[in-house]
Amino acid sequence: MPEFIASSYINAPVDRVWAFHEAPDALERLTPPSQAVRIVSRSGGIGVGAHVVIQTRLLGLIPTEWHARHTVCRKPNLFVDELERGPFAYWRHEHRLETQGQGTMLTDAITFRLPGGPIVNFFGAPIVRLQLQPLFKYRHAITKESCE
């Protein structure tokens, strides 16, 4: 299954980085202004069972809804959200926070599968990774700016 991993060192303790992600406005702050994203509903923060529905546009054009549920929460080191319904056949996003020296290594690890089978995934996975790179560069910069 295709993967995408982004890691950054945040010069702040794990508890501070966790608290940033727990904040009610974290998702809005982590969404680049250039992306057409609207949060339709959410409940439960980042704990197990938390749920969010987002409206967005694939490739900036095709309207779609993204329904995700948090399935793992191990404060202050890991929380996981998984796609329940949306544009991917499978999507699992691990948010890992590990103490490293005086700070935190923040790692976003995503495992995904596109609809359409192996050939679509073979050709489509590199495109997905290219689209995720600037998103997570932005997210990590905002996290760094907010926590340091």
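Coordinates for the structure precede this section.
Computed from a predicted model, the values in this text were never measured in an experiment.

A. Examining the overall build of the protein chain more closely. Helices and strands together make up the secondary structure of the protein chain, namely three helices and seven strands. Counting from the amino terminus, the protein chain carries its helices and strands in the arrangement β-α-α-β-β-β-β-β-β-α. Its C-alpha atoms give the protein chain a radius of gyration of 15 Å, near enough to 15 Å, the size a compact globule of 148 residues would have. Along the first, second and third principal axes, the C-alpha atoms of the protein chain reach 45 × 30 × 30 Å. For the protein chain, with 148 residues in total, the buried portion stands at 42%. Counting every atom, the protein chain has about 8,200 Å² of accessible surface; 57% of that belongs to carbon and sulfur.

B. Structural detail: the nonpolar core. Within the largest apolar cluster, 17 residues are counted, with the highest numbers of intra-cluster contacts made by Trp66, Phe88, Trp91, Ile110, Phe112, Leu132 and Phe136. It is helix α3 (residues 118–147) that provides the largest number of residues to this core, a total of five residues. Not counting residues within four places of it along the chain, the set of residues in contact with phenylalanine 88 comprises Trp66, Leu83, Phe112, Arg113, Leu114, Pro115 and Val128. Ranked by size, the runner-up nonpolar core spans 13 residues in total, among them Ala12, Val17, Leu30 and Leu97.

C. Region of the structure containing the layout of surface pockets. There is about 1,300 Å³ of room inside the largest pocket. Lining of the largest pocket is provided by 44 residues; of these, Gln35, Trp66, Trp91, Leu135 and Arg139 occupy positions nearest its centre. Counting residues per element, the ones that place at least two in the lining of the largest pocket are α1 (14–22), α2 (26–29), β2 (38–43), β3 (51–58), β4 (62–74), β5 (78–85), β6 (90–100) and α3. Considering each element in turn, the lining of the largest pocket owes the most residues, eight residues, to α3. When the residues that make up the lining of the largest pocket are grouped by side-chain class, the tally is 26 nonpolar, 13 polar and five charged.

D. The packing of α1 against α3, seen in detail. With their axes 10 Å apart at the nearest point, α1 and α3 run at an angle of 115° to one another. Crossing hand, α1 versus α3: right-handed. Contact residues: Arg16, Val17, Phe20 and His21 in α1; Ile142, Thr143, Ser146 and Cys147 in α3.

E. Structural detail: empty space enclosed by the protein. Counted by the stated rule, this structure contains one cavity of 30 Å³ or more. Forming the walls of the largest cavity are His21, Leu30, His95, Leu106, Asp108, Arg139, His140 and Thr143. Secondary-structure elements contributing two or more residues to the lining of the largest cavity are β7 (103–113) and α3. Residue contributions to the lining of the largest cavity peak at three residues, all from α3. Taken together, the residues of the lining of the largest cavity break down into two nonpolar, four polar and two charged.

F. Fine view of a nonpolar patch on the surface. A cluster of nonpolar residues, Leu58, Leu61 and Ile62, forms a patch on the protein surface that exposes about 280 Å² of accessible area. For leucine 61, the position within the fold is in the loop between β3 and β4.

Calculation criteria
Residues numbered from 1 in each chain as written. Predicted model: local features only at pLDDT ≥ 70, side-chain atom pairs only at ≥ 80, totals over all residues. Heavy atoms only, no water. Helix = DSSP H or I, 4+ residues; strand = E, 2+ residues; numbered from the N terminus. Rg over C-alpha atoms; globule rule 2.2 N^0.38 Å. Buried < 20%, exposed > 50% of the residue type's maximum accessible area, 1.4 Å probe, protein only. Areas by Shrake-Rupley, 256 points an atom, 1.4 Å probe, with all protein chains shown as cover. Core = buried A, V, L, I, M, F, W, Y, C linked by side-chain atoms within 4.5 Å. Contact = heavy atoms within 4.5 Å. 1 Å grid on protein atoms, 1.4 Å probe; cavity = no way out; pocket = protein on both sides within 12 Å on 5 of 7 lines; lining within 4 Å. Points joined across faces, edges and corners; volume = space filled by probe spheres on them. Nonpolar A, V, L, I, M, F, W, Y, C, P; charged D, E, K, R; others polar. Axes fitted to C-alpha atoms, helices over the stretch in contact; angles between N-to-C directions. Left-handed = near helix turned anticlockwise from the far one by under 90°. Patch = residues over 30% accessible without salt bridge, like charges linked within 9 Å, V, L, I, M, F, W, Y side chains within 5 Å. Salt bridge = Lys/Arg side-chain N within 4 Å of Asp/Glu carboxyl O.

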